[in-house]
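# Structural features, examined
The residues making up each chain are set out below.
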Amino acid sequence: GLELSHCVGTNSLGPAGPWRLGGPCKMKRVRTVFKPEQLERLEQEFLKQQYMVGTERVDLAATLHLTETQVKVWFQNRRIKWRKQSMEQKAAKLSQFGVIQPASADSTGSKEHEEDTVDVEL
């Protein structure tokens, strides 16, 4: 399950949603703080493979005393970070060769934007 903090805001108005429990108390998921040893192991596994599924994910979660969902979400977020770093490195290489990249200030990584970029093997 998700860890929840209690009563984030005392005078919430509006329709009830899945994030609310009866009344003005709004629930919010608490961000997972990973221990350095957990992060080191997660990074090691990510270097081996960017996708962790099935029993491998279950075993890693058990070894690190995390939930399977926490491991799954960590890998999802790490892949996003890896793709962003790859795109930045590619843009830096292209700019060295005088190839102008489309402006991508603070892009959200949408499919529409990704189709506009030039994919060049270097």
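Description of the structure in this document. Bear in mind that the values here come from a model prediction, so they are computed numbers and not experimental data.

Cut-offs used in this document
Residues numbered from 1 in each chain as written. Predicted model: local features only at pLDDT ≥ 70, side-chain atom pairs only at ≥ 80, totals over all residues. Heavy atoms only, no water. Helix = DSSP H or I, 4+ residues; strand = E, 2+ residues; numbered from the N terminus. Buried < 20%, exposed > 50% of the residue type's maximum accessible area, 1.4 Å probe, protein only. Salt bridge = Lys/Arg side-chain N within 4 Å of Asp/Glu carboxyl O. Arc of directions from axis to C-beta. Contact = heavy atoms within 4.5 Å.

### Digging into unusual backbone geometry
One non-glycine residue, His65, adopts positive backbone phi at about 60°. Within the secondary structure, His65 sits in the loop between helix H2 (54-64) and helix H3 (68-96). A relative accessible area of 72% means that His65 is categorised as exposed.

### Let's talk about the pattern of salt bridges
In total, this model carries four salt bridges according to the counting rule given. A salt bridge links Arg41 to Glu45, with the shortest nitrogen-to-oxygen separation between them at 3.1 Å. Of this pair, Arg41 and Glu45 both sit in helix H1 (residues 36-48), four residues apart, which is roughly one turn of the helix. On the basis of relative accessible area, Arg41 is assigned to the partly exposed category, the value being 29%.

### Notes on H2
Buried within H2 are the following residues: Arg57, Leu60, Ala61 and Leu64. Angular distribution of buried residues about the axis of H2 spans 100°; they occupy a single face of the element. The exposed residues of H2 that point more than 90 degrees off its buried face are Thr55 and Ala62. Elements that come into contact with the buried residues of H2 comprise H1 and H3. Of the residues trailing H2, His65 is marked for its positive phi of about 60°.

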